[in-house]
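Coordinate inspection notes
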Amino acid sequence: MVEAKGVFLKYPDGTIALKDINLQVIPGDIIYITGPSGSGKTSLLKLLMGVEYPTEGNISVLGQPIAKGQESGIRRLRTALGPVFQEFRLIKGRTALENVMLGMRFLNVPKGQLKDIAKDAIKSVGLESKELSLVENLSWGECQRIAIARAVARKPALILADEPTGNLDKDNALNILELLTSFKDKSTAVIITTHATHLIEEKRFTKHIQMNRGIIDFERLGVT
Amino acid sequence: MKNIFYNLGYFLREVKTVIRLNALSNLFSFLSTTLIFFILAMVISGWWISGKVVEAIQGEAEISVYYEDGIGNSGAMELLDKIKSMKGVREARVVDESEAYMRMEEILGKDALVLEYFDENPFSSFIEINIHIEEMSSLLDKLSTIPGIEHVRDNREILEKLQDISNALSIIGYLVVAAVGITTLVIISHIIRMGINDNKEQINTLRLMGAPEVFIGFPFLLEGLALTLGGGILASVLGAVTLKYAYAQMAGPLPFIPLPPIGVLVSNLFLVIVSLSIILGMAGSFFGLASARKK
């Protein structure tokens, strides 16, 4: 699903965000990427989403190379991803249901099923009572869940969650991680970044990658 | 395209939401669009009316051809037929001595008494030609080669001035309409860009989720269209009311100005402004979207 070899990412101002990253993700993986702020976790996710291109090395996601000149392929790749953004990126002025449906409108989902799939996704994150609430009236944790519902409703091959536990207390953070990993199946992988390394001790994973200053500090395998 | 039809209901709801969320900004955009289309409507009306006036004055452009006495009536008729078949002639007819006398009486009015001092009618018959002003030079050249013509009174100086005024009015008309049209395009694309800027976050999110540019841009295209079409319709209504008032004001003191019929003017204006509002709205939206994408 993801194949990265010797990837470097250098920003135009000279900052080296990633150094010699090697990564492999297969279907069914649950991968945690941890590390302090500025360690390169978000930069790595940006690469996986095709927001940034590697300045050295090669990376491909779901068979799509992430490189300049691949824009239309990257656009198609994104339709197969389930991103959960750090600040949620929910569209204000719309209800939770509309937000979840919006993520699927351009995916050729049969019209009659669009609403049902969105409602099921909202139900799966336990917020069926809030589906008609405007997102600006939801709490931080509820927004996080709606963002997850939007990602999983798209039936993605790869779920990418950037700091989904940020600003949440321990119990809620653990619940969110549990929820995210519950969407993993034989054909879906989940990659979660978090600075809260202590949280994942209690969680299931296939791989834990610790990053620091743009390099992979260590990797350890786990069990799911 | 399939995506657009599939999501048409969503796009329309989205336009409503986007307009509602930025109500004040959109209200000002709508008013600015209305105002600029109203100015465009007035410029076009002025151009049309002045064009009609010039056309009417041009229609009065005449030259007089005096022929030799010796050619007789049949010779005059032959000459008339020849002139009628020439390029640049709208109409030609013979004005005989008595009609020439009566015309002079009309011109002189109370002073026509002076004509009674003549024992005989001092005026000779001539051929009066109503011409296409733009063909004047070549027509005069050709007339000078026809045998039997003694003298041509061409009013060349006045007619050439008339031609110059007509040309200048056309050029000014094109320039003003082009200038207002381009200004409209720039303002509308700027308004659309501001709308896109207000929704930058939403656009970026959709891009990150893999939405095609057409899907992202279509609601803004519709928003731009709604603003300009609404503005165009309101401007046309305001233009019609203004024109009716202006016609009522001009009919009394300036009855000699050959104004085009108000009904025709208003319906043509409505068609032009509404069509332009659709075209400029779409073009402005495309420019706005393209420049926002570059950003």
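Everything below is about the structure printed above this text.
In short, a report on the structure. Because the structure is predicted, anything quoted here is derived from the model rather than measured.

Thresholds, definitions, all that
Residues numbered from 1 in each chain as written. Chains lettered and ligands numbered in written order. Predicted model: local features only at pLDDT ≥ 70, side-chain atom pairs only at ≥ 80, totals over all residues. Heavy atoms only, no water. Axes fitted to C-alpha atoms, helices over the stretch in contact; angles between N-to-C directions. Helix = DSSP H or I, 4+ residues; strand = E, 2+ residues; numbered from the N terminus. Parallel < 35°, antiparallel > 145°, perpendicular 65-115°, else oblique. Contact = heavy atoms within 4.5 Å. Nonpolar A, V, L, I, M, F, W, Y, C, P; charged D, E, K, R; others polar. Pairing = 2+ DSSP bridges. Buried area = accessible area lost by both parts, 1.4 Å probe. Salt bridge = Lys/Arg side-chain N within 4 Å of Asp/Glu carboxyl O. Polar contact = N/O pair within 3.5 Å; in protein donor to acceptor, adjacent residues only side chain to side chain. Patch = residues over 30% accessible without salt bridge, like charges linked within 9 Å, V, L, I, M, F, W, Y side chains within 5 Å. Areas by Shrake-Rupley, 256 points an atom, 1.4 Å probe, with all protein chains shown as cover. Lys, Arg positive; Asp, Glu negative; His and termini not counted. Charge placed at Lys NZ, Arg CZ, Asp CG, Glu CD. Buried < 20%, exposed > 50% of the residue type's maximum accessible area, 1.4 Å probe, protein only.

Quick notes on the packing of helix 6 (residues 136-143) of chain B against helix 7 (residues 156-198) of chain B
All names here are of chain B. Orientation of helix 6 relative to helix 7, taken along the N-to-C sense of each, is 155°, at an axis distance of 11 Å. In this view, helix 6 runs roughly antiparallel relative to helix 7, as classed from their interaxial angle. Packed against helix 6, whose contacting residues are Met 136, Ser 137 and Leu 140, the element helix 7 presents Arg 156, Leu 159 and Glu 160 at the interface. Per-class residue counts for the contact of helix 6 with helix 7 are three nonpolar, one polar and two charged.

Digging into the sheet that holds strand 4 (residues 56-61) of chain A
All names here are of chain A. Pairing in this open sheet of four strands is antiparallel, and the strands run 2-1-4-5 from one edge to the other. A strand with exactly one partner marks an edge of an open sheet, and here the two such strands are strand 2 (16-25) and strand 5 (64-65). The pairing of strand 1 (residues 2-10) with strand 4 spans five bridges and is antiparallel. Considered in strand 4, the bridge of Glu 3 is made with Ser 60.

What about the sheet that holds strand 4 (residues 149-153) of chain B?
Residue and element names in this part refer to chain B. Read across the open sheet, the four strands follow the order 2-3-1-4; overall the sheet is antiparallel. Looking at which strands have only one partner, the edges of the open sheet turn out to be strand 2 (89-95) and strand 4. Strand-to-strand, the axes of this sheet are offset by a mean angle of 20°, without reference to chain direction. Sheet topology note: the strand 1 (residues 62-67)/strand 4 ladder contains four bridges and is antiparallel. Within strand 4, the position partnered with Val 65 by the bridge is Val 152. In the packing of helix 4 (residues 72-84) onto the sheet, the strands contacted are strand 1, strand 2, strand 3 (126-131) and strand 4, and the crossing angle to strand 2 comes to about 170°. Across the sheet, helix 6 touches strand 1, strand 2, strand 3 and strand 4, and the angle it forms with strand 1 is around 0°.

Observations regarding the interface of chain B and chain A
Opposite the 23 residues of chain B that make contact, chain A presents 23 residues. Together chain B and chain A conceal approximately 2,000 Å² of surface at their shared face, both sides included; 58% is due to carbon and sulfur atoms. A per-residue breakdown of the area chain B buries against chain A is headed by Tyr 6, Leu 208 and Met 209 of chain B, which together make up 40% of the total. Across the pair Arg 89 of chain A and Glu 201 of chain B runs a salt bridge whose closest N-O atoms are separated by 3.5 Å. Here chain B is connected to chain A by seven residue pairs in polar contact (both at pLDDT 80 or more). Secondary-structure elements contributing two or more residues to the side of chain B that touches chain A are helix 1 (2-6), helix 2 (8-21) and helix 8 (200-208) of chain B. Within the side of chain B that touches chain A, the residues separate by chemical class into 10 nonpolar, seven polar and six charged.

Details of the side chain of Thr 194 of chain A
Relative to the elements of secondary structure, Thr 194 of chain A occurs in strand 8 (residues 189-194). A distance of 3.1 Å separates the side chain of Thr 194 of chain A from the side chain of Thr 165 of chain A, its partner in a polar contact.

Re a negative patch on the surface
All names here are of chain B. On the surface, Glu 68, Asp 69, Asp 96, Glu 97 and Glu 150 cluster together to form a negatively charged patch. The topology assignment puts Glu 97 in helix 5 (residues 97-108). On the basis of relative accessibility, which here comes to 38%, the residue Glu 97 falls in the partly exposed class.

Some details on a nonpolar patch on the surface
Residues and elements named next belong to chain B. On the surface, Leu 24, Leu 27, Phe 28 and Leu 31 cluster together into a nonpolar patch covering about 410 Å² of accessible area. With respect to the element layout, Leu 24 can be found in helix 3 (residues 23-59). Given the relative accessible area of 57%, Leu 24 is considered exposed.

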